[in-house]
Amino acid sequence: SGNPLGMRARDFLHSVAYLPSLVTLEAASCALHGDIPWEWGDSLVPEFVGDESCSRVGTGEQIGFNTLLRLDLSNNSITSLDAPPSETLLLADLSFNSLSKLNADWYNE
């Protein structure tokens, strides 16, 4: 948190999505901006296993935010979050962003 990354939120999430045991992701006040599209399937969890040309942690192993419990993206300039939260996520701080669109499932958790 607090590092001036100055990049698209989508790109930042892609850059850390390969970490197989990520439990807490703190990226508050990092100058993240733009949208977080629903491109990963059912939720914020990008369950990528790769193909023959991609490296993998293990055969059939899911890589991504499937272990994420806490997400802090507060104090950025994120404009939309189209994906619903993952089933493992217990706490999310999206405060102080420029959100104009938020998947309705974030309200029901």
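Predicted, not measured: the structure shown is a model, and the values here were computed from it.

1. Description of the sheet that holds strand β4 (residues 77-81)
In space, the three strands of this open sheet follow the order β2-β4-β6, with parallel pairing throughout. Strand pairing shows two members of the sheet lacking a second neighbour, β2 (33-36) and β6 (101-102), which therefore form its edges. With four bridges joining them, β2 and β4 adopt parallel strand pairing. The residue of β4 that forms the bridge with aspartate 35 is serine 80. The sheet contacts of helix α1 (residues 9-16) involve β2 and β4, and relative to β2 the element is tilted by about 65 degrees.

2. Overview of the pairing of β4
Pairing analysis gives two bridges linking β4 to β6, with the strands arranged parallel. Following the sheet pairing, serine 80 is matched in β6 by lysine 101.

3. Here we look at the sheet that holds strand β1 (residues 24-26)
Neighbouring strands of a sheet are bound in pairs by backbone hydrogen bonds; such pairs are parallel or else antiparallel. One open sheet holds the three strands; their spatial order is β1-β3-β5, and the pairing between them is parallel. Each edge of the open sheet carries a strand with a single partner, namely β1 and β5 (91-93). Strand after strand, the sheet turns through a mean of 5 degrees between neighbouring axes, direction not considered. Pairing between β1 and strand β3 (residues 70-72): three bridges, direction parallel. Directly across from leucine 25, in β3, lies its bridge partner leucine 71.

4. A closer look at the nonpolar core
Core analysis: the largest hydrophobic core is formed by 20 residues, its most contacted members being Leu25, Phe65 and Leu73. Those elements that provide at least two residues to this core are α1 and β4. For this core, the element with the most residues is α1, which contributes four residues.

5. A few points about the pattern of salt bridges
Counting across every chain of the model gives four salt bridges. Here aspartate 11 ties to arginine 10 by a salt bridge, and the two come within 3.3 Å at their closest N and O atoms. Aspartate 11 sits in the partly exposed class, given a relative accessible area of 30%. By relative accessible area, arginine 10 is classed as partly exposed at 23%. Among the salt bridges present, the one from aspartate 82 reaches lysine 101, with a minimum N-O distance of 3.3 Å. Taken as a pair, aspartate 82 in the loop between β4 and β5 and lysine 101 in strand β6 lie far apart in primary sequence, 19 residues in all.

Basis of the calculations
Numbering of residues begins from 1 in every chain and follows the order in which that chain's sequence is written. For a predicted model such as this one, the threshold for reporting local features is a pLDDT of at least 70, and the threshold for listing and counting side-chain atom pairs is 80 or more; totals across whole chains, interfaces and linings nevertheless cover every residue. Note that water and hydrogens are dropped before the side-chain values are worked out from all heavy atoms of the structure. A pair of strands is labelled paired if DSSP reports no fewer than 2 bridges between them. A helix here means a DSSP run of H or I that spans at least four residues, while a strand means a run of E at least two residues long, and both kinds are numbered starting from the N terminus. Between two residues, a contact is recorded if the distance between any of their heavy atoms is within 4.5 Å. Geometry is summarised by axes, namely lines fitted to C-alpha atoms with helices restricted to the contacting stretch, and by angles between N-to-C directions that run from 0 to 180 degrees. Nonpolar cores were defined as sets of buried Ala, Val, Leu, Ile, Met, Phe, Trp, Tyr and Cys residues, with membership established by side-chain atoms within 4.5 Å. Working definition: with a 1.4 Å probe on protein chains only, accessible area under 20% of the residue-type maximum means buried, over 50% means exposed, and in between means partly exposed. Whenever a carboxyl oxygen of Asp or Glu lies within 4 Å of a side-chain nitrogen of Lys or Arg, that contact is scored as a salt bridge.

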